[in-house]
Amino acid sequence: MKTTLPIPTTKWTIDSNQSDVLIKARHSIIAFIAGSNNKFKGHIDIHEDVIEDASIEFCLDVKNTETKLEQMDTPLQLNDFLDSNQFPYISFKSSSFQKINNNINFLKGELTIHNITKEVELEAEFIGIRTYEGVKKAVFEVIGQINRKDFKLNFNSYHYTGGLSLGQDIKLIANLEFSV
């Protein structure tokens, strides 16, 4: 009888002190408003130190009162833009991780904003696995662009000439550091 040994999986936990998420939206055609937040939790499972079969999951707490989107003339609170009193979390759970080359990967998964879940495809750059002060760390940069109206992010400000100021797309940039 032939038996198959289980593939060892290592669960890495996100280090929120060393990770951040930046949310950017185009403002007034030429400028960006942006906000970052590092109050989140998550993990990555890596099989036999092979990133090819990784699964990534994280939950971002957007109800952080210190975080705001900066705008040219007045501050636009990230909490208002994302309606974080009613929807305090943005979450992502991967469904596939496709390795293209040593550093570039495509990460597909379910992104939930405003209790609306949509499948998205993000780019995941694997920075590497390193040991720092005796702790093994895996580092990724995840980038994606989503249509904000797909998630009912309808908040908008008006330009002084009367036009709408915020663009259709939101860019997400996550710098994620995981440790064993």
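Please read these numbers as outputs of a predicted model, since none were measured by experiment.

Undergrad: Tell me about the overall build of the protein chain, residues and numbers included.
TA: Of the regular secondary structure elements, the protein chain holds one helix and 10 strands. Moving toward the C terminus, one meets the helices and strands of the protein chain in the order β-β-β-β-β-α-β-β-β-β-β. Evaluated residue by residue, the protein chain yields a buried proportion of 43% over its 180 residues. Long-range contacts, defined here as pairs at least 24 residues apart, represent 55% of the contacts in the protein chain between residues at least 6 apart.

Undergrad: Outline the nonpolar core, supporting the account with residue identities and numerical values.
TA: Ranked by size, the top nonpolar core spans 36 residues in total, and within it Leu-111 and Phe-140 carry the most contacts. When sequence neighbours within four positions are dropped, the list of residues in contact with Phe-140 reads Ile-44, Ile-51, Phe-97, Glu-125, Phe-126, Ile-127, Ala-174, Asn-175, Leu-176 and Phe-178.

Undergrad: Tell me about the packing of aromatic side chains, residues and numbers included.
TA: A full pass over the atoms with the stated rule returns four aromatic pairs. Measuring from ring centre to ring centre gives 6.2 Å for Phe-97 and Phe-140, while their planes differ by 90°; the resulting arrangement is edge-to-face. In this pair, Phe-97 is assigned in strand β6 (residues 89-99) and Phe-140 in strand β9 (residues 135-147), connecting sequence segments 43 residues apart. Each member of the pair, Phe-97 together with Phe-140, is buried. Ring geometry for Phe-126 against Phe-140: centres 5.2 Å apart, planes inclined by 45°, an arrangement best described as tilted. In this pair, Phe-126 sits in strand β8 (residues 116-132) while Phe-140 sits in strand β9, placing the two residues 14 residues apart along the sequence. On the basis of relative accessibility, which here comes to 13%, the residue Phe-126 falls in the buried class. When its relative accessible area of 1% is taken as the criterion, Phe-140 is described as buried. Here a set of aromatic residues connected by ring pairs shows up, and it is made of Phe-97, Phe-126, Phe-140 and Phe-178.

Undergrad: For the confidence of the model for the protein chain, give the residues involved together with the corresponding values.
TA: On average, residues of the protein chain score 75 in pLDDT, and 69% of them reach the 70 mark or higher. For residues 67-76, every residue scores under 50 in pLDDT, and the model assigns this stretch 32 contacts once sequence neighbours within four places are set aside.

Undergrad: Give me the lowdown on empty space enclosed by the protein, citing residues and values where you can.
TA: For the structure shown, the criterion picks out one cavity of 30 Å³ or more. If you trace the largest cavity, you find 14 residues lining it, with Val-21, Phe-58, Leu-111, Leu-172 and Ala-174 closest to the centre. Of all the elements in the fold, those that place two or more residues in the lining of the largest cavity are β2 (20-27), β5 (50-61), β6, β9 and β10 (166-179). Among the residues forming the lining of the largest cavity, the class breakdown is 13 nonpolar, one polar and no charged.

Undergrad: I'd like a description of the pairing of strand β4 (residues 40-47), backed by residues and values.
TA: In terms of residue burial, β4 counts as a mostly covered element, since six of its eight residues are buried. Bridge analysis of strand β1 (residues 9-14) against β4 gives five bridges, and the strand direction is antiparallel. Bridged to Thr-9 within β4 is His-47.

What counts, and where the lines are drawn
Residues numbered from 1 in each chain as written. Predicted model: local features only at pLDDT ≥ 70, side-chain atom pairs only at ≥ 80, totals over all residues. Heavy atoms only, no water. Helix = DSSP H or I, 4+ residues; strand = E, 2+ residues; numbered from the N terminus. Buried < 20%, exposed > 50% of the residue type's maximum accessible area, 1.4 Å probe, protein only. Contact = heavy atoms within 4.5 Å. Core = buried A, V, L, I, M, F, W, Y, C linked by side-chain atoms within 4.5 Å. Phe/Tyr/Trp six-rings, centres within 6.5 Å; stacked < 30°, edge-to-face > 60°. pLDDT = per-residue confidence, 0-100. 1 Å grid on protein atoms, 1.4 Å probe; cavity = no way out; pocket = protein on both sides within 12 Å on 5 of 7 lines; lining within 4 Å. Points joined across faces, edges and corners; volume = space filled by probe spheres on them. Nonpolar A, V, L, I, M, F, W, Y, C, P; charged D, E, K, R; others polar. Pairing = 2+ DSSP bridges.

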